[in-house]
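Residue-level structure breakdown
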Amino acid sequence: MTTPAGRPAVGAPLVERVLARYRERTLAELLRHIPRQSPPYLYDLAADYPTRPCKGLRAALCLVTCAAFGGRPERALNPAVTVELFHNAFLVHDDIQDGSELRRGAPTLPARYGVEVALNVGNATHLLGLRRVMANRRALGGELAWRLFEETELMCRQSLEGQAMEIAWIRDNACGLTSADYYRMCLKKTSWYTFLYPCRSGLLVAEGAGADAARLDRFGWYLGAAFQIQDDVLNLVGAAEEYGKEIAGDLWEGKRTLMLIQLLERAAPAERARVVRHLSVTRSQRGPGAAEDVAWLLDRMAAYDCVAHAQEAAAGLVAAAAREIEAVLAGAPAAGDGRSGGGEDAEEAEEARAFLLALPDFVVARGR
């Protein structure tokens, strides 16, 4: 596994190992709280996306952050499950809004069961996440539970606002966007629920309700933007068998990625007019020549080095994220100090810090 710059992602085996271990813990706990009694096509399907092959990054990040800052990861297991449930609920609703056909290598819920079923399953998954938020009061105490509730509300608000921005750009055929617009959307839609929310939750569990939960925000913002860029790049040039989603689906859906924004800025006038025409209709409205248009867009992006530009931007964001996490960890107590105790706790804390340090390169080296 290498970074876009060709540099080996030396921490990748450690990151993969930690992700696998924490995904196993989180998934077992998540499935334990899905009701066994269910009307048809409801709670049974809430387990569908979580059990498909995935990295479980967000939940793992909650547990890792807790361990890295002196907490016991088992105390953060319920917040990690909360993170995972809200994430999967958003995925179901994203697949409805985007008209996506594949998710993690299999048909999406709306493609397989219809929009009506998928919408209800997404709502039910949000409800299950809310129940896990409520459970924090008994496990962690009222003050900390309330802080975690506030973090959840903030994450949901930011994510919905980011999603609204992206939907509006497609609906209104926005073709004059800048890189700054894209990064603002990334902060709200991706950075908040993929990195800031898990990190802030894990930090609060480790240090208590009075902790400064914003200490990792810059790290999370930079990493979230890089993560989204890599996701967008993989959608265009990823290996289909590893990526697990439809290649070039973003072009079919008209998503305003950094590459598309660059193409609109760099293309010749006649080419730009063709891009705008392609974007002016929805996927369902596209005619028989749509596949040719998508192939042409891919060709023009290559001609104008749009993917290379995006990868360079992601590399810069990753470097900034690496500097941030190094600085934050340098000012934190050493692994094994404070509440984490010694022995296995100290080892897990040290491993968690190594994970956080290795994560930036991993984000842009991944294939899915």
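First, a word on what this report is: a plain description of the structure on this page. The structure presented is a predicted model; accordingly, all values stated were derived computationally and were not measured.

1. Concerning the pattern of salt bridges
One pass over the structure, following the stated rule, counts 27 salt bridges. Between Lys55 and Glu16 there is a salt bridge whose closest N-O contact spans 3.4 Å. Of the two residues, Lys55 is situated in the loop between α3 (48-51) and α4 (57-68) and Glu16 in helix α1 (residues 12-32); the sequence distance between them amounts to 39 residues. Among the residues examined, Glu16 registers a relative accessible area of 31% and is labelled partly exposed. Notably, a salt bridge pairs Asp217 with Arg200, separated by 2.7 Å at the nearest N-O pair. Remark: Arg200 occurs in helix α9 (residues 179-207) and Asp217 occurs in helix α10 (residues 217-237); sequence separation between them is 17 residues. With respect to class, Asp217 is no different from Arg200; both count as buried. Among the charged side chains, a salt-bridge network with shared partners connects Arg147, Glu150, Glu151, Arg200 and Asp217.

2. So, the packing of α1 against helix α5 (residues 77-98)
The contact between α1 and α5 brings their axes to 9 Å, and the two run at 80°. Of the possible angle classes, the one that applies to α1 and α5 is roughly perpendicular. Taken together, the residues of α5 that come into contact with α1 (itself represented by Arg25, Thr26, Glu29 and Leu30) are Leu77, Ala80, Val81, Glu84 and Leu85. In the contact of α1 with α5, the residues fall into five nonpolar, one polar and three charged.

3. Remarks on the packing of helix α13 (residues 258-266) against helix α16 (residues 306-330)
When two helices pack together, their arrangement is given by the angle between the helix axes and the distance between those axes. Viewed as axis vectors pointing N to C, α13 and α16 meet at an angle of 125°, and their least axial separation amounts to 9 Å. In terms of orientation, α13 and α16 fall into the oblique class. Taken as a pair, α13 and α16 cross one another with a handedness that is right-handed. Where α13 abuts α16, its residues Leu258, Met259, Gln262, Leu263 and Arg266 lie against Cys306, Val307, His309, Ala310 and Ala313. Grouping the constituent residues of the contact of α13 with α16 by class yields seven nonpolar, two polar and one charged.

4. A few points about the environment of Ala211
Checked against the element boundaries, Ala211 lands in the loop between α9 and α10. As for Ala211 and Asn173, which are separated by 38 residues in sequence, their C-alpha atoms are 43 Å apart. Excluding residues within four positions of it along the chain, Ala211 makes contact with Arg147, Leu203 and Leu204.

5. As for the nonpolar core
Of all hydrophobic cores here, the largest spans 86 residues; its most connected members are Phe69, Ile229, Phe355, Leu356 and Leu359. Counting residues per element, this core draws most heavily on α16, at 12 residues. Excluding its chain neighbours within four sequence positions, the residues that come into contact with Leu356 are Leu61, Val64, Thr65, Ala68, Phe69, Phe219, Ile325 and Leu329.

Rules and cut-offs
Residues numbered from 1 in each chain as written. Predicted model: local features only at pLDDT ≥ 70, side-chain atom pairs only at ≥ 80, totals over all residues. Heavy atoms only, no water. Salt bridge = Lys/Arg side-chain N within 4 Å of Asp/Glu carboxyl O. Helix = DSSP H or I, 4+ residues; strand = E, 2+ residues; numbered from the N terminus. Buried < 20%, exposed > 50% of the residue type's maximum accessible area, 1.4 Å probe, protein only. Axes fitted to C-alpha atoms, helices over the stretch in contact; angles between N-to-C directions. Parallel < 35°, antiparallel > 145°, perpendicular 65-115°, else oblique. Contact = heavy atoms within 4.5 Å. Nonpolar A, V, L, I, M, F, W, Y, C, P; charged D, E, K, R; others polar. Left-handed = near helix turned anticlockwise from the far one by under 90°. Core = buried A, V, L, I, M, F, W, Y, C linked by side-chain atoms within 4.5 Å.

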